[in-house]
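# Structural overview for review
Here's the letter readout for the chains.
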Amino acid sequence: MKLKPLAAPDYWDFPSTPYQTCLVTDDGSSTTAQVAQSLLNQGWQVVVLSFPQFLIPVRSSLPAGVRHFVLNHLSEEHLQAQLGDIFKTCGLIGTFIHLHPLPQGFNQDQETSINTDQAIVKQVFLLAKHLKSSLTQAASQGRSCFLSLTRLDGEFGLSGKREFSPISGGLFGLTKTLNLEWESVFCRALDISPDLDEMTTAQIVLAELHDPNSLIQEVGYTPKGRMTLTCELVSLSSK
């Protein structure tokens with residue numbers, strides 16, 4: 001695999017639909033608030049879902065007008081119940097954005113055997129399972145999106161300059177699998193360098209959501225620019 005530079009995405013000003021509700025997971029940082037505010041500014045109804053505090057102890061301070069729901073434990077039944085409340089209150093979800101926390105956002109004091117990174121990734125897999133019907137239904141009326149955001153190094157972990165948990169890399173596999181299974185839903189995995197600030201990250205999220213090019217499945221961002229992964233043919237020399 002090789003990194004390939006990309007130009008800035010084009011902007012598709014897609015029309016509003018009856019499913020103009022975006023569900024965003026809370027990473028415990030001000031990035032959540034910045035992304036939520038950017039979506040509000042575009043006319044979206046924004047719902048933020050926080051993970052249990054024994055995983056991420058800090059809750060983001062959210063802008064006025066954002067609906068907030070909280071997971072208190074990790075059972076699939078509880079997640080389903082919270083999604084049911086969201087659907088009743090806000091209607092079906094047309095876009096889902098997972099903001100994966102940086103390791104320093106995890107609860108460092110927990111005395112349990114829970115792997116925080118693994119627990120959150122599992123919750124995202126369950127969210128995908130239970131949002132499938134809503135997102136595919138929304139896609140019949142216009143653009144519907146599933147977007148996952150990690151902050152490895154902005155180069156899909158290939159720079160060798162940062163330590164990170166490989167578990168969060170599973171979100172790339174999930175997103176690419178959904179892209180194959182949900183043909184009508186726009187699916188994209190982002191890896192944004194931790195060197196980029198919250199405002200820049202929020203601007204990137206909005207730009208990628210509006211990219212008309214659905215052929216690109218994973219995009220990385222560093223201070224040097226935008227990139228993706230590509231396969232490169234290498235000749236095998238015989239001894």
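Structure's up top.
So, here is what we can say about the structure in this document. (Residues numbered from 1 in each chain as written. Predicted model: local features only at pLDDT ≥ 70, side-chain atom pairs only at ≥ 80, totals over all residues. Heavy atoms only, no water.)

### Quick look at helix α2 (residues 76–90)
The terminal C-alpha atoms of α2, which comprises 15 residues, lie 21 Å apart, in line with the 21 Å expected from a rise of 1.5 Å per residue. Along α2, the residues classified as buried are His78, Leu79, Gln82, Leu83, Ile86 and Cys90. The arc that holds the buried residues of α2, viewed along the axis, is 135°, so those residues lie on one side. Away from the buried face of α2 by more than 90 degrees, exposed residues Glu77 and Lys88 are located. Where α2 is buried, its residues contact β2 (21–25), β3 (45–50), β4 (67–70) and α3 (116–139). (Helix = DSSP H or I, 4+ residues; strand = E, 2+ residues; numbered from the N terminus. Expected span 1.5 Å × (residues − 1). Buried < 20%, exposed > 50% of the residue type's maximum accessible area, 1.4 Å probe, protein only. Arc of directions from axis to C-beta. Contact = heavy atoms within 4.5 Å.)

### Things to note about helix α1 (residues 30–41)
Its twelve residues give α1 an end-to-end C-alpha distance of 17 Å, which sits within 8% of 16 Å, the value for a rise of 1.5 Å per residue. Listed as buried for α1 are Thr31, Thr32, Ala33, Val35, Ala36, Ser38 and Leu39. Buried residues in α1 make contact with β2, β3, β5 (95–99) and α5 (198–209). Sitting at the head of α1, Ser29 places a side-chain oxygen 3.1 Å from the backbone nitrogen of Thr31. Of the residues one or two after α1, Gly43 is the one with positive phi, at around 90°. (Polar contact = N/O pair within 3.5 Å; in protein donor to acceptor, adjacent residues only side chain to side chain.)

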